[in-house]
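If you want the building blocks of each chain, they are given just below.
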Amino acid sequence: MARTHITTVINGDEVDFLAEDSTSLLNALRDEVGLTGAKEGCGTGDCGACSILLDERVTCSCLVFAPEANGANILTVEGLADAGELHPLQQCFLEGAALQCGICTPGFLIAAKALLDKNPDPTETEIRYALAGNLCRCTGYDKIVRAVQEAAMQMREQ
Amino acid sequence: MAITEENPGYKWVGTRPIRPDGLDKVTGKAQFGADLTLPGMLFGKVVRSPHAHARILSIDTSAAESMLGVKAVITGSDFPDLVANGAHPMAIDVSHNAIARDKVLYEGHVVAAVAATTRELAEAAAKAVEVSYEVLPHVLTVDEAMADNAPLLHEGMITKGVDPAPDQPSNIASRIVHERGDLEQGFGEAEVVVEREFTTKPVHQGYIEPHAAVADANSDGRANIWCSSQGHFQMRADTASVLGVSQGTLKVTAAEIGGGFGGKTVIYLEPIAVRLSQRAGRPVKLVMDRDEVFRATGPTSGTRIKVKMGVSNDGKLTAAEVWMAFEAGAYAGSPVGAAGMTVIAAYDIPHFLVEGYDVVCNKPRVAAYRAPGAPMAAFAVESVLDELARSIGMDPIDLRLANAAVEGTQASYGPKFPRIGFVETLEAIKEHPNYTAELGPNQGRGVAAGFWFNAGMNSSATVHINENGTATVVTGSPDIGGSRQSMALMAAEELGIPYESIKPVVADTETVGFTDVTGGSRVTLATGAAVVDACRIVIEDLRARAAKTWDVEVDQVEWVDGQAQHVDGSQPPLSLDALAAKSGRTGGPISANASLNARGVGAAFSTQVCDVEVDPETGVTRVVRYLTAQDAGRAISPDYVEGQMQGGVVQGIGWGLNEEYVHDQNGNMENPSFLDYRMPVASDLPMIECCIVEVPNPAHPYGVRGVGEVGIVPPMAALGNAIKDATGVRLTDLPMTPIKVLEALNEQSD
Ligand code: FES
Ligand code: FES
């Protein structure tokens, strides 16, 4: 089958890859680029485990065809830490025990980063709605919401 | 936090450091089931039945086999016939559930599988497999399955547990009974008797990670399997049985696991992946879609439960009569047994009869789901208790306190309870400000309690002291929610070295001793006890080495704060680092194994109070406040104990308000997606407040009971009781959707 050549910037680096037109960006990232941080929980846009930032917008990468990402700037969970220094969200998720199994964590971190980039001082309700596209079956969300609150506070103080 | 016994000054146990595997999980490095890629790896796809019940007439694989890039196609005939081999009935069921032979028993039942060079090709090849079926009449619920002349799933199924044995087959696999005293006398002594009937729907465990397995078979008969599982030793045993090979030929490595809740204690993809890999001569990856996860794995049982209970005016329960029927799905083995044991176990009731039926029907075979069987049973009994409390004008906590099982109470299922903390959880709720907080308009408050046994079972651990005095702690328990941290905390406490000096590792089936599944809330208890035992053997060895160095008797040496000390202080202490550095000269490397079958499990109790607001216009129930108190025995890792409590509660809220399997009349699931099978999201919920109660389990070195499961037992009744309090209507059919609430409200006002 014919494969399309796709040129992107992923986590700050120029990355080229080939993918069939029907391949999801999620599968291309995982199988072709080797970035398996984004997860497939559903493949239908309902769980958020595959969340990435596509040109700064939170996107379910399972709903995007790989060729649609040509020319795009992509951030995945692997690009969240800066030269080994964790993003405050990552640090607060660790300190606040905001993960149990951890399969949903990459998606939550991306969705929370997108929220805090736009709104540095969200209310609990705003956090809950901003994360409502991400499913977590383990935590009951309590510690996730608290970790985002804590990260927001730390980032405001910086 | 309520602590009923002073923390005896632990340095590490009970603290909240960062989990050892946390960094990998916040940076995307952790390798979950679907993340592994091997050189030359093929993608597999499973062919599933579109029918709920049908005879397989023929399977034509020729078109699929002739496609370019398709490397293997297999069907049930590629697996040994365990019936002919005289295997155990349970092994036969596991095998037939993994891949159908002559009949398919539910929509989604595996009939064939393919492996091809790409994902897309595998999907096309799976579609090209032609299966012809003779569709048979099906039964979907316990009511349909138990009806006279119901179509049979298994022509030879004679109900067990009935004397004399029935002479006709049926869909009832077994009957269980627990009884004590004299029901008539008990109900005669009651002032008020309440009788209600409840129904619940199948619900899925809902782990976010679909099942995934990679198999790499060698031509000499050996195979490696990587899979997302709650117990790789169990996977090895079941996969070997389905394949008809010796366990020793399979090596299973547990990937990081993206949730399980009981649903990943059973095999689905593993034997299929191995057979495909053998046929193709290349590694094969199989990953389920969400749709397949819903249609073919999990769920837990739909049920019908009748409860009749009597109470005296002073709040003493006099009698209970319970009748339960549980859907098992396609093969025997619903959790009705556990339901029967737990249903009234939290209370001391002199006269009772509990009767339960395990009923097969044309739905996926049920799998364990967090405290299997107990939540539905508790929904029924805890709702009736609420009615009883209301009818005698008693506070619902006081009613439970008046009847709560305590140390020495003979549990309804047989044994006497050792020390337990049920009363303490009730009191914790009663004393909490939430219990008396003011309620707004359309709001109501509900209380419910729950019991779960917790499990012990087999675990192994190995502790290696590294040359620099750090320690590697190896176990066979997949870490599903932070257990590496509790292993490390207990090891740090025992060895007297910093938590950061401990590296906990989950090893494959060839690197650590046999270990049962991560389930039954057993890992911190049983695997934890094995870790403690191994550490203690290491400490004995360290003391002996210090004694030798000092040329004194071993009993002159104590192990304190990570160093060997002479009892009278006559020698400078020898630290673990120093002893490790010299180990080559004192007997070689320092390392110990411990394996055990954990005895003395500690029963778990949870009491929960929930406040809801019910919109009288729409019937929507919103949870506005939630508090859970649970006896952990000892919280080794309080962060992750709270996590278990909160997660269990929220799964229960989903079960209570939203979640259900919906089937059409052909037996096809109508909502196999997260869009239509709606689990709670962050915006549906308030914070879940936790109160960890610690009544230590006398049988565990640190008092651990196990915390994973009991939290899901009370929520459905707590919600139902809160809705009753808010609206005056009693809902008895789960889930308590807006439409059902509205209907009940309308009926009430008529
Ligand atoms: S995998 Fe993309 S939303 Fe679930
Ligand atoms: S931590 Fe397991 S799904 Fe969120």
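Residues numbered from 1 in each chain as written. Chains lettered and ligands numbered in written order. Predicted model: local features only at pLDDT ≥ 70, side-chain atom pairs only at ≥ 80, totals over all residues. Heavy atoms only, no water.

## Brief notes about the side chain of Thr462(B)
All names here are of chain B. With respect to the helices, strands and loops of the structure, Thr 462 is situated in strand 17 (residues 457–465). Judged by relative accessible area, which is 9%, Thr 462 ranks as buried. A distance of 2.7 Å separates polar atoms of two side chains, one belonging to Thr 462 and the other to Asn 593. Sequence-distant contacts of Thr 462, that is, excluding residues within four places in its chain, are made with Thr 472, Val 473, Val 474, Val 512, Ser 591, Ala 592 and Asn 593. (Helix = DSSP H or I, 4+ residues; strand = E, 2+ residues; numbered from the N terminus. Buried < 20%, exposed > 50% of the residue type's maximum accessible area, 1.4 Å probe, protein only. Polar contact = N/O pair within 3.5 Å; in protein donor to acceptor, adjacent residues only side chain to side chain. Contact = heavy atoms within 4.5 Å.)

## Brief notes about the packing of aromatic side chains
Residues and elements named next belong to chain B. Under the defined criterion, the tally for this structure stands at 21 aromatic pairs over all chains. Geometrically, the ring pair formed by Tyr 413 and Phe 417 is edge-to-face, given 6.5 Å between the ring centres and 85° between the ring planes. Ring geometry for Phe 417 against Phe 451: centres 5.7 Å apart, planes inclined by 80°, an arrangement best described as edge-to-face. Linking Phe 417 in the loop between helix 12 (396–403) and helix 13 (422–431) with Phe 451 in strand 16 (residues 443–452), this pair joins segments that are 34 residues apart in sequence. (Phe/Tyr/Trp six-rings, centres within 6.5 Å; stacked < 30°, edge-to-face > 60°.)

## Some words on the domain arrangement of chain A
All names here are of chain A. With domains assigned, chain A is organised as domain 1 (3–79) and domain 2 (88–157). Measuring from the centre of the C-alpha atoms in domain 1 to the corresponding centre in domain 2 gives 22 Å. Counting residues at the interface gives 13 residues for domain 1, matched by 12 residues for domain 2. When the two sides are added together, the surface that domain 1 and domain 2 hide from each other amounts to roughly 970 Å², 72% of it contributed by carbon and sulfur. Seen at the junction of domain 1 and domain 2, the total is 0 salt bridges. If you look at where domain 1 meets domain 2, you find 3 residue pairs in polar contact (both at pLDDT 80 or more). Here the side of domain 1 that touches domain 2 takes 3 residues from strand 3 (residues 51–54), the largest share from any one element. Of the residues that constitute the side of domain 1 that touches domain 2, the class distribution is 7 nonpolar, 4 polar and 2 charged. (Domains from an automatic or database assignment. Buried area = accessible area lost by both parts, 1.4 Å probe. Salt bridge = Lys/Arg side-chain N within 4 Å of Asp/Glu carboxyl O. Nonpolar A, V, L, I, M, F, W, Y, C, P; charged D, E, K, R; others polar.)

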